[in-house]
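If you want the building blocks of each chain, they are given just below.
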Amino acid sequence: MMRKAVFIALVGSLWLGAQARAQSLDLSSVILNVPGMGSVVAGDNGKQTLDCKGGSVSVSGNGNRLTLTGKCTQVIVAGNKNTVRVAMVGEIVMSGDSNTVTWQKALKGTRPRLVLAGKANTVSKK
(Lines give C-alpha, C1' and ligand atoms only; values in the text may rest on other atoms or scores of the structure.)
Protein backbone atom coordinates (compact mmCIF):
# COMPACT_ATOMS: atom_id res chain seq x y z
CA MET A 1 0.00 0.00 0.00
CA MET A 2 2.91 2.36 0.73
CA ARG A 3 4.19 1.87 -2.82
CA LYS A 4 0.81 3.07 -4.15
CA ALA A 5 0.91 6.21 -1.98
CA VAL A 6 4.44 7.07 -3.17
CA PHE A 7 3.41 6.53 -6.80
CA ILE A 8 0.34 8.72 -6.36
CA ALA A 9 2.43 11.51 -4.85
CA LEU A 10 4.89 11.24 -7.75
CA VAL A 11 2.13 11.31 -10.38
CA GLY A 12 0.56 14.33 -8.66
CA SER A 13 3.89 16.19 -8.58
CA LEU A 14 4.59 15.46 -12.25
CA TRP A 15 1.07 16.49 -13.21
CA LEU A 16 1.25 19.76 -11.27
CA GLY A 17 4.61 20.55 -12.90
CA ALA A 18 3.08 19.92 -16.33
CA GLN A 19 0.20 22.25 -15.48
CA ALA A 20 2.61 25.03 -14.58
CA ARG A 21 4.37 24.70 -17.96
CA ALA A 22 1.08 24.51 -19.91
CA GLN A 23 -0.46 27.71 -18.63
CA SER A 24 -2.48 28.39 -21.78
CA LEU A 25 -4.36 25.07 -21.49
CA ASP A 26 -7.29 24.41 -19.15
CA LEU A 27 -6.14 21.13 -17.59
CA SER A 28 -8.01 20.83 -14.30
CA SER A 29 -7.60 17.07 -13.87
CA VAL A 30 -6.82 13.95 -15.84
CA ILE A 31 -7.64 10.27 -15.38
CA LEU A 32 -4.78 7.82 -15.92
CA ASN A 33 -5.32 4.06 -16.07
CA VAL A 34 -2.27 2.44 -14.50
CA PRO A 35 -1.96 -1.35 -14.95
CA GLY A 36 -2.11 -3.08 -11.59
CA MET A 37 -3.13 0.12 -9.77
CA GLY A 38 -6.49 1.01 -11.29
CA SER A 39 -7.39 4.58 -12.16
CA VAL A 40 -5.45 7.62 -10.97
CA VAL A 41 -7.13 11.04 -11.01
CA ALA A 42 -4.46 13.74 -10.93
CA GLY A 43 -4.72 17.52 -10.96
CA ASP A 44 -6.62 20.27 -9.22
CA ASN A 45 -10.24 21.49 -9.16
CA GLY A 46 -11.57 18.83 -11.50
CA LYS A 47 -15.09 17.45 -11.55
CA GLN A 48 -15.36 13.86 -12.78
CA THR A 49 -17.68 10.84 -12.73
CA LEU A 50 -15.86 7.53 -13.02
CA ASP A 51 -16.93 3.87 -12.96
CA CYS A 52 -14.60 1.86 -10.71
CA LYS A 53 -15.42 -1.34 -12.62
CA GLY A 54 -14.41 -3.46 -9.61
CA GLY A 55 -10.97 -1.83 -9.31
CA SER A 56 -9.30 0.88 -7.30
CA VAL A 57 -9.23 4.64 -7.77
CA SER A 58 -6.57 7.03 -6.47
CA VAL A 59 -7.11 10.78 -6.24
CA SER A 60 -4.10 13.08 -6.15
CA GLY A 61 -4.36 16.86 -6.08
CA ASN A 62 -6.52 19.52 -4.51
CA GLY A 63 -10.15 20.60 -4.75
CA ASN A 64 -11.35 17.73 -6.94
CA ARG A 65 -15.01 16.64 -6.90
CA LEU A 66 -15.49 13.01 -7.89
CA THR A 67 -18.43 10.68 -8.14
CA LEU A 68 -17.41 7.03 -8.26
CA THR A 69 -19.96 4.54 -9.54
CA GLY A 70 -19.85 0.75 -9.58
CA LYS A 71 -17.83 -1.36 -7.16
CA CYS A 72 -14.57 0.19 -5.89
CA THR A 73 -12.23 -2.20 -4.11
CA GLN A 74 -10.16 0.70 -2.78
CA VAL A 75 -10.37 4.50 -2.89
CA ILE A 76 -7.20 6.42 -2.04
CA VAL A 77 -7.50 10.19 -1.53
CA ALA A 78 -4.32 12.27 -1.21
CA GLY A 79 -4.04 16.03 -1.30
CA ASN A 80 -6.37 18.62 0.17
CA LYS A 81 -10.03 19.63 -0.04
CA ASN A 82 -11.09 16.77 -2.31
CA THR A 83 -14.73 15.61 -2.20
CA VAL A 84 -15.45 12.04 -3.27
CA ARG A 85 -18.82 10.28 -3.43
CA VAL A 86 -18.60 6.48 -3.70
CA ALA A 87 -21.44 4.10 -4.50
CA MET A 88 -19.83 0.89 -3.21
CA VAL A 89 -16.40 0.55 -1.57
CA GLY A 90 -14.18 -1.97 0.23
CA GLU A 91 -11.45 0.29 1.64
CA ILE A 92 -10.96 4.06 1.98
CA VAL A 93 -7.45 5.45 2.48
CA MET A 94 -7.12 9.19 3.15
CA SER A 95 -4.17 11.50 3.71
CA GLY A 96 -3.74 15.23 3.38
CA ASP A 97 -6.15 17.71 4.91
CA SER A 98 -9.85 18.59 4.67
CA ASN A 99 -10.85 15.74 2.36
CA THR A 100 -14.40 14.37 2.43
CA VAL A 101 -15.53 10.91 1.33
CA THR A 102 -19.15 9.78 1.46
CA TRP A 103 -20.07 6.20 0.67
CA GLN A 104 -23.39 4.42 0.13
CA LYS A 105 -22.59 0.72 0.58
CA ALA A 106 -19.67 -1.41 1.79
CA LEU A 107 -18.44 -4.26 -0.40
CA LYS A 108 -18.30 -6.53 2.68
CA GLY A 109 -19.88 -6.11 6.08
CA THR A 110 -21.53 -2.96 7.36
CA ARG A 111 -18.73 -0.49 6.59
CA PRO A 112 -15.54 -0.27 4.51
CA ARG A 113 -12.08 -0.59 6.02
CA LEU A 114 -10.69 2.87 6.87
CA VAL A 115 -7.08 4.08 6.90
CA LEU A 116 -7.05 7.76 7.86
CA ALA A 117 -4.19 10.25 8.21
CA GLY A 118 -3.94 14.02 7.98
CA LYS A 119 -6.17 16.66 9.54
CA ALA A 120 -9.88 17.44 9.24
CA ASN A 121 -10.64 14.50 6.94
CA THR A 122 -14.17 13.08 7.13
CA VAL A 123 -15.72 9.80 6.04
CA SER A 124 -19.46 9.20 6.31
CA LYS A 125 -22.20 6.97 5.02
CA LYS A 126 -24.82 8.67 2.90
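Since the model is a prediction, treat every value here as computed from it, not as a measurement.

1. Looking at the overall build of the protein
Inference 1: Each helix and strand counted, the protein has 1 helix and 9 strands in total.
Inference 2: Moving toward the C terminus, one meets the helices and strands of the protein in the order α-β-β-β-β-β-β-β-β-β.
Inference 3: By residue count, 40% of the 126 residues in the protein fall in the buried class.
Inference 4: When contacts within the protein are restricted to residue pairs at least 6 apart in sequence, those whose partners lie at least 24 apart make up 16%.
Inference 5: Accessible surface for the protein amounts to roughly 7000 Å². Of this, 55% is attributable to carbon and sulfur atoms.

2. Overview of the environment of asparagine 62
Inference 1: Along the chain, the position of asparagine 62 falls in strand E4 (residues 56-62).
Inference 2: Apart from residues lying up to four places away in sequence, asparagine 62 is in contact with Gly43, Asp44, Asn45, Gly79, Asn80 and Asn82.

3. What to know about the nonpolar core
Grouped burial of nonpolar side chains is what soluble globular proteins tend to show.
Inference 1: Core analysis: the largest hydrophobic core is formed by 18 residues, its most contacted members being Leu68, Val75, Val84 and Val86.
Inference 2: At the level of secondary structure, the elements contributing two or more residues to this core comprise E4, strand E5 (65-80), strand E6 (83-94) and strand E7 (100-106).
Inference 3: Each residue touching valine 75, except ones within four places of it in the same chain, is listed here: Val57, Leu68, Val84, Val86, Val89, Glu91, Ile92 and Val93.

4. Overview of the pairing of E5
Inference 1: Pairing of strand E3 (residues 47-51) with E5 involves 5 bridges; the strand directions are parallel. The residue bridging glutamine 48 from the neighbouring strand is leucine 66, located in E5.
Inference 2: Where E4 lies against E5, 7 bridges are found, and the strand directions are parallel. Note that in E5 the partner of valine 57 across the bridge is valine 75.

5. Observations regarding the state of the cysteines
Inference 1: Inspection of every chain in the model, using the stated rule, returns 1 disulfide.
Inference 2: In this model cysteine 52 forms its disulfide with cysteine 72; the gap between the sulfur atoms is 1.8 Å. The chirality of the disulfide connecting cysteine 52 with cysteine 72 is right-handed, given an S-S dihedral of about 70°. Placement of the pair is cysteine 52 in the loop between E3 and E4 and cysteine 72 in strand E5, with a sequence separation of 20 residues.
Inference 3: Given a relative accessible area of 0%, cysteine 72 falls into the buried group.

6. Concerning the pairing of E6
Inference 1: Judged from the 10 bridges that link them, E5 and E6 form a sheet pairing that is parallel. The residue bridging threonine 67 from the neighbouring strand is arginine 85, located in E6.
Inference 2: Two elements, E6 and E7, share 6 bridges in a ladder whose sense is parallel. Opposite arginine 85, over in E7, you have threonine 102 as the bridge partner.

7. Considerations on the confidence of the model for the protein
Inference 1: Considering every residue of the protein, the mean pLDDT works out to 81; 71% of them sit at 70 or more.
Inference 2: In the model of the protein, helix H1 (residues 2-21) stands out as the element of lowest mean pLDDT, 46, in contrast to E7, which has the highest, 98.
Inference 3: Counting contacts from residues 5-11, a segment whose pLDDT is below 50, to residues more than four positions away or on other chains yields 11 contacts.
Inference 4: When the criterion is pLDDT under 50, residues 13-27 qualifies, and its contacts beyond four places in sequence or with other chains add up to 13 contacts.

Reading the values: rules and limits
- Residues numbered from 1 in each chain as written.
- Predicted model: local features only at pLDDT ≥ 70, side-chain atom pairs only at ≥ 80, totals over all residues.
- Heavy atoms only, no water.
- Helix = DSSP H or I, 4+ residues; strand = E, 2+ residues; numbered from the N terminus.
- Buried < 20%, exposed > 50% of the residue type's maximum accessible area, 1.4 Å probe, protein only.
- Contact = heavy atoms within 4.5 Å.
- Areas by Shrake-Rupley, 256 points an atom, 1.4 Å probe, with all protein chains shown as cover.
- Core = buried A, V, L, I, M, F, W, Y, C linked by side-chain atoms within 4.5 Å.
- Pairing = 2+ DSSP bridges.
- Disulfide = S-S within 2.5 Å.
- pLDDT = per-residue confidence, 0-100.

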